[in-house]
Amino acid sequence: MTTLPIRPQRVAAGLVLAAAIASLIAVLLWAIFNAASAAPNTSSSSVDIPHLLRMTSIQAGLTTAISLLVGTALAWCLNRLRFPGRDLVIGIFASAIVTPGMIVAFGMLSIWGRNGWINQTTGHLFGFSIGNPAFGLSGILFAHVILDGAFAARILLARLDAIPSPRLKTGQSLGLSAIQRFAIIDWPAIRGTLPGLAAIIFLLAFTSFPIVLLLGGGPANQTLEVAIYAAIRQDFDLRAAVLLALTQIGVCSLVILASAALPPVPSALGPSKAQSWSDGVLARTLQIILLTLAAAAFILPLLSVLVSGLGNGLLVVMSRPNFWWSLATSLTIGTLSALLTLTLALLLSLGRGATARPGLRILLGVPVYAYLAVPAVVLSLGFFLLVRALGIAPGAAAPVVVVIANALLALPFAVATLGPPLDAITSTRGKLIRSLGLTSWQQFALIEYPLLGRDIGVVLALSFCFSLGDLGVIALFGTQDFTTLPLLMFRALGAYRGNDAAAIAAILLIGTTLAFVALPRLIERLSNVRR
Amino acid sequence: MFAADNLTFAYPGQIEPYRFWLEAHDGEVTAVSGASGSGKSTLLDLLAGFARPSGGTITLDGADITALPPEHRPLSLLLQSESLFEHLSATRNVELGLSTATPRADTKSAVEAALAEVGMAGFGAQKAATLSGGQKQRVALARTLLRNRPVLLLDEPFSALDDATRGTIRTLVKELTERHRWHTILVSHHADDVAALATRRYRLENRTLRLE
């Protein structure tokens, strides 16, 4: 006998939506396959898929290994150290998930580039240059590790924070050394999360677009994602683009299938409380050094974006009408995508939470996660081919497609955020809800919405920020009349208007940070008012 | 004698602080009972060093240990749960009671002797997660033997055990306390545990301890 409230309409709505998403994926894949078989087989295609696959895998593998190492070290430091501003530092690392890759890439160039801060300083003081380490594999890895290492650190810190207090008390009363403490208490708490986290970071790095585009420095370091974009936008080689997209989907699907059996990575993160049990002097010194280096590596590129962006270039950019059009487009698309993501995620999660049948729960979940296998550029390619096949000009379909594509790309994160708490609410309060005879709407309005306030805010913030910083989808659909801020920034970089790019990067950084910080709090407050 | 003298503590925003006077003698079990939320865990945290008092002293045979961190206090701790690290074997859990400087051969024999003393000989290789509740508490007591600290703090150590097991573990605690002359302090809200073990009984009411 189930204690869950009986809500057939929720399950039905979820199933209809899941079927619609699955159909859309199928149609997009059909469009890609169809184009592949119809496109002429040009022997002049210069696309070397094995090389691209090797480069992408090496880059993603190295990013994953280094990010996990950095993330573990950083989580260890943050878990142990107590200092003023600790919450701010943790908040900055947490924002890595929404910091647009192109901003970090731009910040890297400002610090490590040929005309960056370091070269300017060494040139001024010692008369030599360190070259341009921001370009090539080293630059790509550095930028990825800045984002993914910080993301890993925040997730792993939450695991360390969740260690039961009695276990820590036992360890402390036994006088465990810093090494013993890590091996006996910390490692068992985090090791279960590492494989799932590794899969996510590998997928993020494997499908990374703007960082490789800006820092790749040439074909030698090109990845599948960038090669797809280049095949469509620069070489007009549709067949090559489709073959690359299929390779990309194949590898991502394999990673997702392999990681399906792994423990899920928690995505909802509460506030972090510093430990009262400090390690010895040596360990503490090491923690301070590591944290300082990591904070500098993460914050300096972002700081440089703000410093170079909030100068004179800002006024020049703001005096141009296309900036305001792009800003309005970005905000509109971001808002619509966020609302669409929330609606889809709520309907799917409410449907999953209303049934205990494993088959139905899988049906309601699989289409969502299938989108992890179809990265932004591939998704755009599918839409691009589909609208062309339907006889619609890509420019005309662009606004709708970009909103839908951005919403679908944010959906896995949204469902991962809303699903577990909704499941918990229905399983722990199911008996009470049934005994009180609450309707489905009462259940949502009186119980689920107030308890989910912050999570709903997190979903809105994540999807809004993903959309605001997106370059992968808009890169294929953008036109002169339909431009977002990231595309405007990309064009400014292409036209060597560095000041313009810096100003737009600064605005994007401020916008994503504000949305990421403010939206969860705002929605939480609104849901509290209702209570 | 292990003693808390006018030990004072208040949580942020708490107007009336806790005030504790307590004496525990070697070879005896001193019990502290009280309703849920009365402050038993706070008292234990203060004695163990996890919370810092705003006033008063904790002494062992006249030596002030109030400022010592938990790892340097002359005491062992046995909690209701999480007394063992579940992914480690019983032997490895017990070994943690010894200094890392202890020679390997000595460690092995000491661990085997301690496990035998608590009736767990032959269980050393077993993972803690696979042990029953009573067996876990026995292994934790074996570790306490190796730590060889004069004070043993017990926080509801029998709560998760069935009646038969709690009877045998209670007896074991009493025997070990008398044999090793420990100052054992039992914090519990179970009247039968207190009745079965305690020589000296305190009741925690209105944020103060009262000798019964």
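Residues numbered from 1 in each chain as written. Chains lettered and ligands numbered in written order. Predicted model: local features only at pLDDT ≥ 70, side-chain atom pairs only at ≥ 80, totals over all residues.

(A) Representation of the overall build of chain B. Each helix and strand counted, chain B has 6 helices and 10 strands in total. Since a compact globule built from 212 residues should have a radius of gyration of about 17 Å, the 17 Å found for chain B is in line with a globular shape. Along the three orthogonal principal directions, the C-alpha set of chain B runs to about 50 × 40 × 30 Å. For chain B, with 212 residues in total, the buried portion stands at 45%. Partitioning the intrachain contacts of chain B with sequence separation of at least 6 by distance along the chain shows that 70% fall at a separation of at least 24. (Helix = DSSP H or I, 4+ residues; strand = E, 2+ residues; numbered from the N terminus. Rg over C-alpha atoms; globule rule 2.2 N^0.38 Å. Buried ≥ 20, exposed ≤ 12 C-beta atoms within 10 Å, placed from the backbone. Contact = placed C-beta atoms within 7 Å.)

(B) Region of interest: helix H4 (residues 133–147) of chain B. All names here are of chain B. Taking 1.5 Å of rise per residue, 15 residues should cover 21 Å, and H4 covers 21 Å from first to last C-alpha, within 8% of that figure. Counting buried residues in H4 gives 14 out of 15 residues, a clear majority hidden from the surface. Just beyond H4, the residue with positive phi is Asn148, at close to 55°. (Expected span 1.5 Å × (residues − 1).)

(C) Structural detail: the interface of chain B and chain A. Listed per partner, the contact involves 15 residues of chain B and 11 residues of chain A. Taken together, the residues that form the side of chain B that touches chain A break down as 8 nonpolar, 5 polar and 2 charged. (Nonpolar A, V, L, I, M, F, W, Y, C, P; charged D, E, K, R; others polar.)

(D) Highlighting the domain arrangement of chain B. Residues and elements named next belong to chain B. Domain boundaries in chain B define domain 1 (1–74 + 150–212) and domain 2 (83–148). Just the C-alpha atoms count here: the centres of domain 1 and domain 2 sit 24 Å apart. Facing 9 residues of domain 1, the contacting portion of domain 2 comprises 7 residues. The element contributing the most residues to the side of domain 1 that touches domain 2 is helix H5 (residues 163–180), with 5 residues. Looking at the side of domain 1 that touches domain 2, its residues break down into 7 nonpolar, 2 polar and no charged. (Domains from an automatic or database assignment.)

(E) The arrangement of helix H17 (residues 376–389) of chain A in detail. Residues and elements named next belong to chain A. For H17, which comprises 14 residues, the first-to-last C-alpha distance of 20 Å matches the rise-based estimate of 20 Å (1.5 Å per residue) to within 8%. Extensive coverage of H17 is indicated by the burial of 12 of its 14 residues. Within the span of H17, buried status applies to Ala376, Val377, Val378, Leu379, Ser380, Leu381, Gly382, Phe383, Phe384, Leu385, Leu386 and Val387. Looking one or two residues beyond H17, the residue adopting positive phi is Gly391, at roughly 80°.

(F) Local environment of the packing of helix H15 (residues 321–353) of chain A against helix H19 (residues 440–468) of chain A. Residues and elements named next belong to chain A. Interhelical geometry of H15 versus H19 gives an angle of 140° and a closest axis separation of 8 Å. With respect to H19, the axis of H15 lies oblique. Between H15 and H19 lies a crossing of right-handed hand. On the side of H15, the interface is formed by Ser330, Ile333, Gly334, Thr335, Ser337, Ala338, Thr341, Leu342 and Ala345, while H19 contributes Ile456, Val459, Leu460, Ser463, Phe464, Ser467 and Leu468. Each residue belonging to the contact of H15 with H19 can be placed in one class, and the counts come to 9 nonpolar, 7 polar and no charged. (Axes fitted to C-alpha atoms, helices over the stretch in contact; angles between N-to-C directions. Parallel < 35°, antiparallel > 145°, perpendicular 65-115°, else oblique. Left-handed = near helix turned anticlockwise from the far one by under 90°.)

(G) Just unusual backbone geometry, in detail. Residue and element names in this part refer to chain B. Within the chain, Asn148 stands out as a residue other than glycine whose phi angle is a positive 55°. As for its position among the elements, Asn148 is in the loop between H4 and strand S7 (151–155). Even without glycine at this site, Arg207 takes up a positive phi of about 65°. Of note, Arg207 is situated in the loop between strand S9 (200–205) and strand S10 (208–211).

(H) Local environment of the pairing of strand S6 (residues 75–78) of chain B. All names here are of chain B. Here S6 shows no split at all, with Leu75 and Leu77 on one side and Ser76 and Leu78 on the other all buried. Where S6 meets S7, 4 bridges bridge the pair, whose relative direction is parallel. Note on S7: the bridge partner recorded for Leu77 is Leu153. (Pairing = 2+ DSSP bridges.)

(I) Expanded view of the confidence of the model for chain A. Looking at chain A, pLDDT values average 85 and 93% of them are 70 or higher. Mean pLDDT across the elements of chain A bottoms out in helix H16 (residues 358–370) of chain A (76) and peaks in helix H2 (residues 49–80) of chain A (94). (pLDDT = per-residue confidence, 0-100.)

(J) Molecular detail of the nonpolar core. Ile228, Leu244, Leu381, Ile504 and Ala505 of chain A are the most contacted members of the largest nonpolar core, which totals 165 residues. No other element matches helix H18 (residues 394–436) of chain A, which puts 16 residues into this core. Listed in part, the 63 residues of the second largest apolar core include Ile185 of chain A together with Val118, Ala128 and Leu141 of chain B. (Core = buried A, V, L, I, M, F, W, Y, C linked by C-beta atoms within 7 Å.)

(K) Seen up close, the pairing of strand S8 (residues 183–187) of chain B. All names here are of chain B. Burial analysis of S8 places 5 of its 5 residues in the buried class, which makes it a mostly covered element. With burial as the criterion, each face of S8 is covered, one bearing His183, Ile185 and Val187 and the other bearing Thr184 and Leu186. Taken together, the 5 bridges between strand S3 (residues 28–33) and S8 define a ladder with parallel strand orientation. Pairing of Val29 across the sheet is with Thr184, part of S8. As paired strands, S7 and S8 are joined by 5 bridges and run parallel to one another. By the bridge assignment, Leu153 is partnered in S8 with Ile185. In this view, the connection linking S7 to its parallel neighbour S8 by way of H5 has right-handed handedness. (Right-handed = clockwise from strand over helix to strand, strands pointing away.)

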